[in-house]
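Structural overview
The primary structure of each chain is shown beneath.
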Amino acid sequence: MLGRFNIALAAILAAAAPAAADTPPPVETRTSAVAAVIIDPATEVLALEQERYRRFTLPVTVNGTGPFAFMIDTGSQATAITHEIRSALDLAPAGTAVLVGMASRRTVDLANVARIDFGSNSFTDFVAPVLMREHVGADGIIGLDALQDFRVVIDFRNHTIAVEDASAKGRSDGFEIIVRARQELGQLLITNALVEGVRATVIIDTGAQSSLGNIALRERIRAKRAQAVVTTDVNGVELIGQLAFVRSLSIQGLALTDVPLTFADTPAFAALGFTDKPVLALGMQHLALFDRVAIDFARKRVLFDVPQDIARTMREAKRANQYRSDF
């Protein structure tokens, strides 16, 4: 059964691979209005709008004005706004800072933000980088600085996102795979992944469409180069990578096969200390293969819910192993 699952995944992954060409067209993004539904004081399920390139946005008010369409980006350390919001709300300047993107380092303006609200949750009194909307693909970004007290559950099957009070959520809620992680600069890093048998660190990056590995990983697994792929980071700078197919990617009990992965060295990986260590950022391209993904910042763990038929097979195999161990 798991073998058939791997074959099916390979077909889906191949179909989801970014188109490669000598001069790829720029990525188009589109945002739409979304709504929030209150479930209980600790949990809210926010209806998401799936965009053309699988970005998700949710409604956010800024200083009481909105809603604006923000995306949750677990690859971004900082919550950010766009120039349009700064101008519309006449936000006070807060100097400048160097923003490290996947392809570049750029000096950007900062603005003082008193408050953002998403559902009944809020993040207050912070300084936000000001970005170009066409590079972000949304009105803003909810980054790691605003998410540390929450567990974020993305339900790809129902196109919803749950923003939960992490202190009240200790159960696994039916997730089949629970992976412990360590924290580095706000990021949750999965350190026990295997790529073709090579140990690598995995970053869950909900703000990226494609998944990206560094050159150190490519060299360790000796991946053959394929066609060039061009993507654009939040600074509007192009990143040219090499697309290759990885034979296997294993994260604690579940192996994906024939995984399309783009390889490039980036300033963002270097900032996290992965210049020479194998690392990959798992983007929405591959996260969407699961029914649900939960990022629990308080308990430093990432949870994956596999499709129902695969979950049933995993439970049966676990029971069979337990039965054998009793004899």
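Here goes a summary of the coordinates provided. (Residues numbered from 1 in each chain as written. Predicted model: local features only at pLDDT ≥ 70, side-chain atom pairs only at ≥ 80, totals over all residues. Heavy atoms only, no water.)

1. With respect to the overall build of the protein chain
Inclusion rule: Under the DSSP-based scheme used, a helix requires at least four consecutive residues in state H or I and a strand at least two consecutive residues in state E, with every element numbered from the N terminus. Contacts were defined at the residue level, with two residues in contact if any of their heavy atoms lie within 4.5 Å.
When you go through the protein chain residue by residue, the secondary structure sums to seven helices and 23 strands. Pairs at least 24 residues apart make up 65% of the contacts formed inside the protein chain by residues separated by at least 6 positions.

2. Remarks on the environment of I81
Within the secondary structure, I81 is located in strand β6 (residues 80–82). Along the chain, I81 and A111 lie 30 residues apart, while their C-alpha atoms are 8.5 Å from each other. I81 has contacts with F70, R86, L91, A111, V113, A128, P129, V130, L131, D139 and G140, leaving out every residue within four places of it along the chain.

3. Brief notes about empty space enclosed by the protein
Put simply, the rule reads: Cavities and pockets were defined on a 1 Å grid built from protein atoms only: a cavity is a group of points that admits a 1.4 Å probe but offers it no way out, a pocket is an open group of points flanked by protein on both sides within 12 Å along at least five of seven lines, and a lining residue is one with an atom within 4 Å of any such point. Grid points are joined across faces, edges and corners, and a volume is the space filled by probe spheres set on the points. By the convention adopted, Pro, Cys, Tyr, Trp, Phe, Met, Ile, Leu, Val and Ala count as nonpolar, Lys, Arg, Asp and Glu as charged, and the other residues, Gly among them, as polar.
Under the criterion given, the structure shown has five cavities of 30 Å³ or more. Here the largest cavity defines a volume of roughly 70 Å³. Forming the boundary of the largest cavity are 10 residues, of which F56, I72, I154, I161 and M284 lie nearest the centre. Breaking the lining of the largest cavity down by element, the ones donating at least two residues are β4 (56–62) and β5 (65–72). In the lining of the largest cavity, the residues fall into eight nonpolar, two polar and no charged. If you go around the second largest cavity, the residues you meet are I177, L249, S250, I251, L254, L256, F290 and F304. Only β19 (238–251) and β20 (254–263) provide two or more residues apiece to the lining of the second largest cavity. The element best represented in the lining of the second largest cavity is β19, accounting for three residues. For the lining of the second largest cavity, the per-class residue count stands at seven nonpolar, one polar and no charged.

4. Considerations on the pattern of salt bridges
Inclusion rule: Here, a salt bridge means any Lys or Arg side-chain nitrogen found within 4 Å of an Asp or Glu carboxyl oxygen. When a residue's accessible area, from a 1.4 Å probe over protein chains only, is under 20% of the maximum for its type it is buried; when over 50% it is exposed; and in between it is partly exposed.
One pass over the full model with this rule turns up nine salt bridges. For R86, the salt bridge is made with D109, and the minimal N-O distance between the two is 3.2 Å. Placement of R86 in helix α2 (residues 83–89) and of D109 in strand β8 (residues 105–118) is noted, with a sequence separation of 23 residues between them. Residue classification places D109 among the partly exposed residues on the basis of a relative accessible area of 33%. In this structure, D291 engages R157 in a salt bridge whose closest nitrogen and oxygen atoms are separated by 2.9 Å. Taken together, the positions of D291 in the loop between α6 (284–287) and β22 (292–296) and R157 in the loop between β11 (150–155) and β12 (160–165) put the pair 134 residues apart, joining distant regions of the chain. The buried category is assigned to D291, whose relative accessible area is 12%.

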